[in-house]
Amino acid sequence: MSLPSSVPAAPAAAPGRFISFEGIDGAGKSSHIAAAADWLRARGHEVVLTREPGGTPLAEQLRSLVLEAPMDPLTETLLVFAARRDHLQTLIEPALARGAWVLSDRFTDATFAYQGGGRGFDLAVLAQLETWVQHGRQPDLTVWFDLPPATAAERRAAVRAPDRFEAQDLAFFERVRAGYAARAQAAPQRFACIDSSQPREAVWQDILRVLEQRAW
Ligand SMILES: Nc1ncnc2c1ncn2[C@@H]1O[C@H](COP(=O)(O)OP(=O)(O)O)[C@@H](O)[C@H]1O
Ligand SMILES: Cc1cn([C@H]2C[C@H](O)[C@@H](COP(=O)(O)OP(=O)(O)O)O2)c(=O)[nH]c1=O
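This one's a predicted model, so the numbers in the text were calculated from it and none came from an experiment.

Undergrad: Talk me through the sheet that holds strand 2 (residues 47-51); I want residue IDs and the actual numbers.
TA: Either a parallel or an antiparallel arrangement is found when strands of a sheet pair, and the pairing is made through backbone hydrogen bonds. Sheet architecture is open: five strands sit in the order 2-3-1-4-5, paired in parallel fashion. Two strands close off the open sheet at either side, each with one partner strand: strand 2 and strand 5 (191-195). Strand after strand, the sheet turns through a mean of 20° between neighbouring axes, direction not considered. Relative to strand 4 (residues 141-146), strand 1 (residues 17-23) runs parallel, the two sharing five bridges. From the neighbouring strand, serine 20 faces strand 4, where its bridge partner is threonine 142. In the packing of helix 3 (residues 73-97) onto the sheet, the strands contacted are strand 1, strand 2 and strand 3 (101-105), and the crossing angle to strand 3 comes to about 150°.

Right, here's the structure in full:
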């Protein structure tokens, strides 16, 4: 049955946007992501703030295992992708479909950086899992907080006890940082690199500039 011509068609939902926040542990993501969410909400967007591994009840259980239980790199990789699959299906894709903006504290670049760079896991296998799990879904924008691992380690040591990743040495985090750099080089339009060694306020101003310039 067609609608009477006097009934206007419902406006198409504005497209949702997907922004990921990346960087080595202690880079400053958590210090800024909630403020970025508030800034976008003040502009009228529905914002879903989430994280990886995690973001759904099942993925949060997998997160606890990944962060605390000893395991080999393949098991670790499969668990982060299993968590990601549930996260995408039950939270990210439905939110984007209704026009929400999804801000995720980490996404697949972290797998390439930590499991690929840090652990030395086969990048071709990671790329295959990425295709299977994501069906082409990538963040529209990735804000990469970059800083020297020694600075990040000092910041972390001042505030928290290390988990299984944070207990790694500086060489591990150098490889993770190089992993992020390789991903940024492969997708320069998606990545915005923030110099996270600056004072907090300067970092925030850089984030605002990126959001204003690139957040549509
Ligand atoms: N620009 C900055 N300068 C100095 N310290 C910072 C800066 N940004 C964050 N910190 C501090 O560094 C620590 C780690 O920051 P956090 O946001 O938890 O990092 P991440 O979420 O990336 O692991 C926190 O104690 C935080 O207060
Ligand atoms: C998403 C993801 C995270 N990780 C690691 C990186 C981090 O050390 C850890 C959790 O990230 P994060 O939430 O940044 O830790 P914290 O709450 O301590 O700030 O998981 C991977 O190794 N692979 C992945 O794919």
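Picking up after the structure, the text goes on.
Undergrad: With reference to specific residues and values, describe the site of ligand 1.
TA: Neighbouring ligand 1 are 15 residues, the closest being Gly28, Lys29, Ser30, Ser31 and Arg155. Elements with a contribution of two residues or more to the shell around ligand 1: helix 1 (29-41), helix 6 (149-159) and helix 8 (200-214). Per element, the largest residue contribution to the shell around ligand 1 is four residues, and it comes from helix 6. Classifying every residue of the shell around ligand 1 by side-chain character gives five nonpolar, five polar and five charged.

Undergrad: Break down the UniProt feature "binding site: ATP" (unreviewed entry) in the protein chain for me, with residues and values.
TA: According to UniProt, the "binding site: ATP" (unreviewed entry) feature falls on Gly23, Ile24, Asp25, Gly26, Ala27, Gly28, Lys29 and Ser30. Here glycine 23 is to be found in strand 1. Residues in contact with glycine 23, not counting those within four places in the same chain, are Lys29, Trp144, Phe145, Asp146 and Ser196. In this structure, glycine 28 sits in the loop between strand 1 and helix 1. Here glycine 28 falls in the buried class, since 21 other C-beta atoms lie within 10 Å of it. In this view, glycine 28 contacts Phe145, Ser196 and Val203; residues no more than four positions away in its chain are not counted.

Undergrad: Kindly report on the site of ligand 2, identifying the contributing residues and their values.
TA: Taken together, the neighbourhood of ligand 2 is formed by 15 residues, with Glu52, Ala110, Thr111, Tyr114 and Phe165 sitting nearest. Considering each element in turn, the shell around ligand 2 owes the most residues, four residues, to helix 4 (residues 108-118).

Undergrad: Any chance you could break down the UniProt feature "domain: Thymidylate kinase-like" (unreviewed entry) in the protein chain for me, citing the residues and the numbers?
TA: Mapped onto this numbering, the UniProt entry gives "domain: Thymidylate kinase-like" (unreviewed entry) at residues 21-207. Across residues 21-207, the secondary structure splits into 58% helix and 13% strand, with the terminal C-alpha atoms separated by 11 Å.

Undergrad: Describe the confidence of the model for the protein chain, with residues and values.
TA: Predicted confidence across the protein chain gives a mean pLDDT of 93, with 93% of residues reaching 70 or more. Taken together, the stretch residues 1-11 has pLDDT below 50 and engages in zero contacts with residues farther than four places along the chain or on a different chain. Across the assembled chains, the prediction reports ipTM 0.96 with pTM 0.94.

Undergrad: Give me the lowdown on the environment of glutamate 166, citing residues and values where you can.
TA: As for its placement among the helices and strands, glutamate 166 is situated in the loop between helix 6 and helix 7 (170-186). Considering only alpha carbons, one finds glutamate 166 and tyrosine 114, 52 residues apart in sequence, at a separation of 11 Å. Beyond its immediate chain neighbours, meaning those up to four positions away, glutamate 166 contacts Asp25 and Arg156.

The rules behind the values
- Residues numbered from 1 in each chain as written.
- Chains lettered and ligands numbered in written order.
- Predicted model: local features only at pLDDT ≥ 70, side-chain atom pairs only at ≥ 80, totals over all residues.
- Pairing = 2+ DSSP bridges.
- Helix = DSSP H or I, 4+ residues; strand = E, 2+ residues; numbered from the N terminus.
- Axes fitted to C-alpha atoms, helices over the stretch in contact; angles between N-to-C directions.
- Contact = placed C-beta atoms within 7 Å.
- Near = placed C-beta within 6 Å.
- Nonpolar A, V, L, I, M, F, W, Y, C, P; charged D, E, K, R; others polar.
- UniProt positions renumbered as here; feature names shortened; annotations may be inferred.
- Buried ≥ 20, exposed ≤ 12 C-beta atoms within 10 Å, placed from the backbone.
- pLDDT = per-residue confidence, 0-100.

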